[in-house]
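Chain and residue survey
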Amino acid sequence: MPRKPKRPCSFPGCPELTDGRYCDMHQRQEDAYYNKYERDPQTRKCYGRRWKRIRDRYISEHPLCEECQKYGRLTPAEEVHHIIPLSKGGTNADSNLMSLCKQCHSSITAREGERWARR
C-alpha cells in the first residue's frame, strides 16, 4: 500500500521532511517542553525507569491495540494507557493498563482532556 508523502517539519525554519508533525530532533524538544512546563510535576515523577519496565512488560504481553480489537481490527500496540490516570489516583497495576495504538491513545487522551485540555 502506498505511503503518504513526507511533509516539512512544523518547527519554524526546519527543512527536514517527516511522516509526523515534527522531525525526530524537534519532536524530542516538543516532548521535553511538554514534560517540563505543561505536565503536572507530581505526575512527571511517576514516569521514570520503573514505568518503562512496566510498559515494556505489558506491551510484550498485550501486543495488539485493545481498543481496536473491540471493533475487530488487529493493530499493533505502541503505547500503554492508564485507564484511571496516575494524577487521579490510578496505579500501574495490570488492571489499570491498556495497550493502544497511537491513534486510539490520542483520541482517548483528547476525550479525557489530559494533555490537550483547554486552559
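Residues numbered from 1 in each chain as written. Predicted model: local features only at pLDDT ≥ 70, side-chain atom pairs only at ≥ 80, totals over all residues. Heavy atoms only, no water.

- Naming follows an unreviewed UniProt entry, where the protein appears as Putative HNH nuclease YajD of Acetivibrio straminisolvens JCM 21531.
- Taken from UniProt, the Sequence similarities (unreviewed entry) comment for the protein reads in full: "Belongs to the HNH nuclease family." (UniProt positions renumbered as here; feature names shortened; annotations may be inferred.)

1. Brief notes about the overall build of the protein
- Within the protein one finds five helices and four strands.
- Its helices and strands taken in sequence order, the protein reads β-β-α-α-α-α-β-β-α from the N to the C terminus.
- Put simply, the protein has 119 residues, and 29% of those count as buried.
- The long-range share in the protein, meaning contacts at least 24 apart out of those at least 6 apart in sequence, stands at 38%. (Helix = DSSP H or I, 4+ residues; strand = E, 2+ residues; numbered from the N terminus. Buried < 20%, exposed > 50% of the residue type's maximum accessible area, 1.4 Å probe, protein only. Contact = heavy atoms within 4.5 Å.)

2. Focus: the packing of aromatic side chains
- Applying the stated criterion across every chain, the model contains one aromatic pair.
- Centre to centre, the rings of Tyr33 and Tyr37 are 5.0 Å apart; their planes meet at 45°, and the pair counts as tilted. Here Tyr37 and Tyr33 lie together in helix α1 (residues 24-38), a separation of four residues that amounts to about one turn.
- With a relative accessible area of 44%, Tyr33 lands in the partly exposed category.
- According to the relative accessible area criterion, Tyr37 is exposed, its value standing at 54%. (Phe/Tyr/Trp six-rings, centres within 6.5 Å; stacked < 30°, edge-to-face > 60°.)

3. A closer look at helix α5 (residues 102-112)
- Listed in full, the buried residues belonging to α5 are Cys104, His105, Ile108 and Thr109. The arc enclosing the buried residues of α5, seen along the axis, measures out at 125°, which places them on a common side. In α5, the exposed residues that point more than 90 degrees away from the buried face are Gln103 and Arg111.
- Where α5 is buried, its residues touch α4 (66-70), β3 (79-82) and β4 (97-100).
- In the segment just after α5, Gly113 is the residue with positive phi, at about 80°. (Arc of directions from axis to C-beta.)

4. Quick notes on the side chain of Thr18
- Mapping Thr18 onto the fold places it in strand β2 (residues 17-18).
- With relative accessibility at 9%, the residue Thr18 sits in the buried group.
- Among the polar contacts listed, one links the side chain of Thr18 to the backbone oxygen of Tyr22, at a separation of 3.1 Å.
- Beyond its immediate chain neighbours, meaning those up to four positions away, Thr18 contacts Lys6, Arg7, Pro8, Cys9 and Cys23. (Polar contact = N/O pair within 3.5 Å; in protein donor to acceptor, adjacent residues only side chain to side chain.)

5. Regarding the pattern of salt bridges
- Tallying each qualifying case throughout the model produces five salt bridges.
- The residue Arg55 makes a salt bridge to Asp56 at a minimum N-O spacing of 3.3 Å.
- For Arg55, a relative accessible area of 23% puts it in the partly exposed group.
- In this structure, the salt-bridge partner of Asp94 is Arg57, at a minimum N-O distance of 2.9 Å. (Salt bridge = Lys/Arg side-chain N within 4 Å of Asp/Glu carboxyl O.)

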